[in-house]
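Residue-level listing of the chains:
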Amino acid sequence: MKLPNKLYSVRESFVYDFVVILNELSVANYSVHTLYEKLEDDFSSIVDFCDALDILFYLGKINIDDTGVLSYVA
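Residues numbered from 1 in each chain as written. Predicted model: local features only at pLDDT ≥ 70, side-chain atom pairs only at ≥ 80, totals over all residues. Heavy atoms only, no water.

Teacher, can you tell me more about the overall build of the chain here?
Check the secondary structure of the chain and you find three helices and three strands. Seen in sequence order, the chain has helices and strands lined up from the N terminus as α-β-α-α-β-β. On C-alpha atoms alone, the chain measures out to a radius of gyration of 12 Å, which is about the 11 Å that the 2.2 N^0.38 rule sets for 74 residues. Within the chain, contacts between residues at least 6 apart in sequence are counted, and of these 47% link residues at least 24 apart. In the chain, the 5 positive side-chain charges and the 12 negative ones have mean positions that sit 11 Å from each other. (Helix = DSSP H or I, 4+ residues; strand = E, 2+ residues; numbered from the N terminus. Rg over C-alpha atoms; globule rule 2.2 N^0.38 Å. Contact = heavy atoms within 4.5 Å. Lys, Arg positive; Asp, Glu negative; His and termini not counted. Charge placed at Lys NZ, Arg CZ, Asp CG, Glu CD.)

See below:
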């Protein structure tokens, strides 16, 4: 997990990734694939994207339904 520190700026950390994902999901619900396609330029790899989704899910900030659609949990 990349947290902001001397090596990683906020822009390069998971904190920024969380904001990018939650901002997009606050507008509409997306499948994981569609969301990645929309945000691909904001992530250095799909691994970072998946890690950020995992953490947001475990924190209870996003939900995924049976059809694979992600939604923001307010």
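Having put the structure on the table, let's press on.
Hey, could you run me through the environment of serine 45 in this one?
Looking at the element boundaries, serine 45 is found in the loop between α2 (32-39) and α3 (46-58). For the pair serine 45 and glycine 68, spaced 23 residues apart in sequence, the C-alpha separation works out to 20 Å. Of note is the side chain of serine 45, whose polar atom sits 3.3 Å from the backbone nitrogen of aspartate 48. (Polar contact = N/O pair within 3.5 Å; in protein donor to acceptor, adjacent residues only side chain to side chain.)

So what exactly am I meant to see when it comes to the pairing of strand β3 (residues 69-72) here?
Two faces, one strand: in a regular strand the side chains alternate between the faces of the sheet. Two strands pair when backbone bridges link them, and strand β1 (residues 30-31) and β3 are joined in this way by two bridges, in the antiparallel orientation. Residue pairing across strands places tyrosine 30 opposite leucine 70, the latter belonging to β3. As paired strands, strand β2 (residues 62-64) and β3 are joined by three bridges and run antiparallel to one another. For asparagine 63, the partnering residue across the bridge sits in β3 and is serine 71. Here β2 folds back onto β3 in antiparallel fashion, the turn holding four residues, of which glycine 68 has a positive phi close to 85°. (Pairing = 2+ DSSP bridges.)

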